[in-house]
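Reading the structure
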Amino acid sequence: MSDREGHSGAGPSDEDLSLPKATVAKMISELLPAEVTCAKETRDLVIECCVEFIHLISSEANEICEQESKKTIAPEHIIAALKRLGFDSFTTEVEDVLKDHKQQQKDREKKADKIKDSGLTPEELMAKQEELFAASRARFAQ
């Protein structure tokens, strides 16, 4: 079932758009000093602000994307949207995060290549994996 099935085609309503409350609460608690707590209403307000910010940036990025006759919003469109909306001070950190993300993607590809380049058949890889699982189960059974 796709994300769009069961909807009228207009996309999710504003009530459907949110962020995981537990994740936001954890982020808030990690950022605040230990002696400071955050009320539930405050956490909910932070979530609403975050959703609105995401909506604002994605809408602006979509406009930039359409102006360039593109069909996919790229990271560059997000950065341009941040600048256009006056969030220039965010762009350096966003670019750093993007750079880190691209490096992580390259590292994942190297891991995939390592499996491919192992010289083992899929059956041999499965057998090796089963051996490792058996050894792990034996260690935990002790």
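Residues numbered from 1 in each chain as written. Predicted model: local features only at pLDDT ≥ 70, side-chain atom pairs only at ≥ 80, totals over all residues. Heavy atoms only, no water.

Looking now at the overall build of the chain. Scanning the chain from N- to C-terminus turns up 5 helices and 0 strands. Secondary structure elements of the chain occur, N-terminal to C-terminal, as α-α-α-α-α. For the chain, the residues scored as buried account for 12% of the 142 residues in total. Surface accessibility of the chain: about 12000 Å² in total, with carbon and sulfur atoms responsible for 56%. (Helix = DSSP H or I, 4+ residues; strand = E, 2+ residues; numbered from the N terminus. Buried < 20%, exposed > 50% of the residue type's maximum accessible area, 1.4 Å probe, protein only. Areas by Shrake-Rupley, 256 points an atom, 1.4 Å probe, with all protein chains shown as cover.)

With that out of the way, let us pick up the packing of helix 2 (residues 40–67) against helix 3 (residues 75–84). Where helix 2 contacts helix 3, the two axes come as close as 8 Å, and the packing angle between them is 110°. In terms of orientation, helix 2 and helix 3 fall into the roughly perpendicular class. When the axes of helix 2 and helix 3 are compared, the crossing they make is right-handed. The segment helix 2 lies against helix 3, with Phe53, Ile57, Glu60, Ala61, Glu63, Ile64, Cys65 and Gln67 engaging His77, Ile78, Ala80, Ala81, Leu82 and Arg84. (Axes fitted to C-alpha atoms, helices over the stretch in contact; angles between N-to-C directions. Parallel < 35°, antiparallel > 145°, perpendicular 65-115°, else oblique. Left-handed = near helix turned anticlockwise from the far one by under 90°. Contact = heavy atoms within 4.5 Å.)

On to the nonpolar core. Ile57, Ala61, Ile64, Ala81 and Leu82 form the largest nonpolar core, which has 5 residues in total. For this core, the elements supplying multiple residues, two or more each, are helix 2 and helix 3. Ranked by residue count, the leading element in this core is helix 2, at 3 residues. The contacts of isoleucine 57, once residues within four sequence positions are left out, are Ile78, Ala81, Leu82, Leu85 and Phe87. (Core = buried A, V, L, I, M, F, W, Y, C linked by side-chain atoms within 4.5 Å.)

Taking 1.5 Å per residue, 28 residues should reach 40 Å; helix 2 reaches 41 Å between its end C-alpha atoms and fits that length. Among the residues of helix 2, Arg43, Asp44, Ile47, Val51, Ile57, Glu60, Ala61, Ile64 and Cys65 are the ones counted as buried. The elements touched by buried residues of helix 2 are helix 1 (21–31) and helix 3. Remark: serine 69 follows helix 2 within two positions and exhibits a positive phi of approximately 55°. (Expected span 1.5 Å × (residues − 1).)

Per the counting criterion, the structure on display carries 4 salt bridges. With a closest N to O distance of 3.1 Å, arginine 43 and aspartate 44 form a salt bridge. The exposure class of arginine 43 is buried, given its relative accessible area of 16%. Of the charged contacts, one joins arginine 84 and glutamate 60 as a salt bridge, the two residues approaching to 2.9 Å between their closest N and O atoms. Note that arginine 84 is positioned in helix 3 and glutamate 60 in helix 2, a separation of 24 residues in sequence. A relative accessible area of 43% places arginine 84 in the partly exposed class. Bridged by salt links that share partners, the residues Lys40, Arg43 and Asp44 form one connected network. (Salt bridge = Lys/Arg side-chain N within 4 Å of Asp/Glu carboxyl O.)

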